[in-house]
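# Geometric and topological summary
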Amino acid sequence: LLMTVYGTAVIAAHQSALNFTTMVYMIPLSISMTLTILVGYELGAKRYNDAKKYHRLGRILSFIFATSLAAVLINFRAEIASLYTNDIAVKDLLSIFLVFAVCMQVSDGINAPLQGTLRGYKDVKVTFYLAVLSYWLIGLPFGWILAVLFNMGPYGYWIGLIAGLLSGAVLLTMRLRTVERKYKITNNQIYIH
């Protein structure tokens, strides 16, 4: 809605970039869902080390996918833009927005497995609050400040979106460390604090 003030070419390019990133986000999302199941299963079986191993494996896999996709996006953004439109103005804007989408994709590649792991640990309430804080109280206001007060226009909103995702990744990482500290393993004895 905030992009509507910049005209139809910006809206079309913005929606196309979001469509592409949403489509490729399905891989990190599926990793997140898988981690929810695997981590929850291992915790239920009281195999806390295995839960931690699955979490690490999921983060690595998601990050590899996100960075591989980033390389594709950077090198083929003009071709990807051509899949969405023939309009030169929209195509040029879309090529720029896809550069921002690279940063967004890498941030999502970090964020998604963290969310899935925390759901597996049954830590959903704090995770929800951290998401609200990251996206609505950090990302959106920061984007608006850049777009309106610093005259960055639609690019400011993209930077705000990326800032929200990055702050979410940092906060969720801190939360996961707190949650994982509850599960300590000493001499094959499991202690839950």
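For the structure itself, look to the data block above.
These lines cover the structure that appears in this document, whether it is placed above or below. (Residues numbered from 1 in each chain as written. Predicted model: local features only at pLDDT ≥ 70, side-chain atom pairs only at ≥ 80, totals over all residues. Heavy atoms only, no water.)

Attention now goes to the overall build of the chain. Tallying secondary structure elements over the chain gives 6 helices and 2 strands in all. Taken from N to C terminus, the helices and strands of the chain fall in the order α-α-α-α-α-α-β-β. Seen along its three principal axes, the alpha-carbon backbone of the chain occupies a region of about 65 × 35 × 20 Å. Across the 193 residues that make up the chain, the buried fraction comes to 41%. Taking the intrachain contacts of the chain between residues at least 6 apart in sequence as the baseline, contacts between residues at least 24 apart amount to 74%. With the model as given, the accessible surface of the chain reaches about 10500 Å², and the carbon-plus-sulfur share is 68%. (Helix = DSSP H or I, 4+ residues; strand = E, 2+ residues; numbered from the N terminus. Buried < 20%, exposed > 50% of the residue type's maximum accessible area, 1.4 Å probe, protein only. Contact = heavy atoms within 4.5 Å. Areas by Shrake-Rupley, 256 points an atom, 1.4 Å probe, with all protein chains shown as cover.)

Moving on to the nonpolar core. Note that soluble globular proteins tend to have their nonpolar side chains buried in a common cluster. In terms of nonpolar packing, the biggest core is built from 25 residues, with Leu73, Phe97, Leu98 and Trp158 touching the most fellow members. Listed by contribution, the elements that provide at least two residues to this core are α1 (8-24), α3 (48-84), α4 (88-120) and α6 (154-180). Tallying contributions element by element places α4 first for this core, with 9 residues. Discounting residues that sit within four places of it in the chain, Phe97 has contacts with Val10, Ala13, His14, Ala17, Pro154, Tyr155 and Trp158. In terms of nonpolar packing, the next biggest core, distinct from the first, is built from 11 residues, Leu43, Tyr48, Leu130 and Val179 among them. (Core = buried A, V, L, I, M, F, W, Y, C linked by side-chain atoms within 4.5 Å.)

This brings us to the pattern of salt bridges. One pass over the full model with this rule turns up 3 salt bridges. Between Glu42 and Arg47 there is a salt bridge, and its shortest N-O distance comes to 2.6 Å. Taking the relative accessible area as the measure of exposure, Glu42 reaches 5% and is therefore buried. Accessibility expressed as a relative area gives 34% for Arg47, which makes it partly exposed. (Salt bridge = Lys/Arg side-chain N within 4 Å of Asp/Glu carboxyl O.)

So, about the environment of Ser95. Residue placement: Ser95 occurs in helix α4. For Ser95, a relative accessible area of 14% puts it in the buried group. Once the C-alpha coordinates of Ser95 and Arg77 are considered, the two residues, 18 residues apart in sequence, prove to be 5.5 Å apart. If near-sequence neighbours (up to four positions away) are discounted, Ser95 is found in contact with Arg77, Ala78 and Ala81.

Bear in mind that shape data such as this cannot, by itself, settle questions of function.
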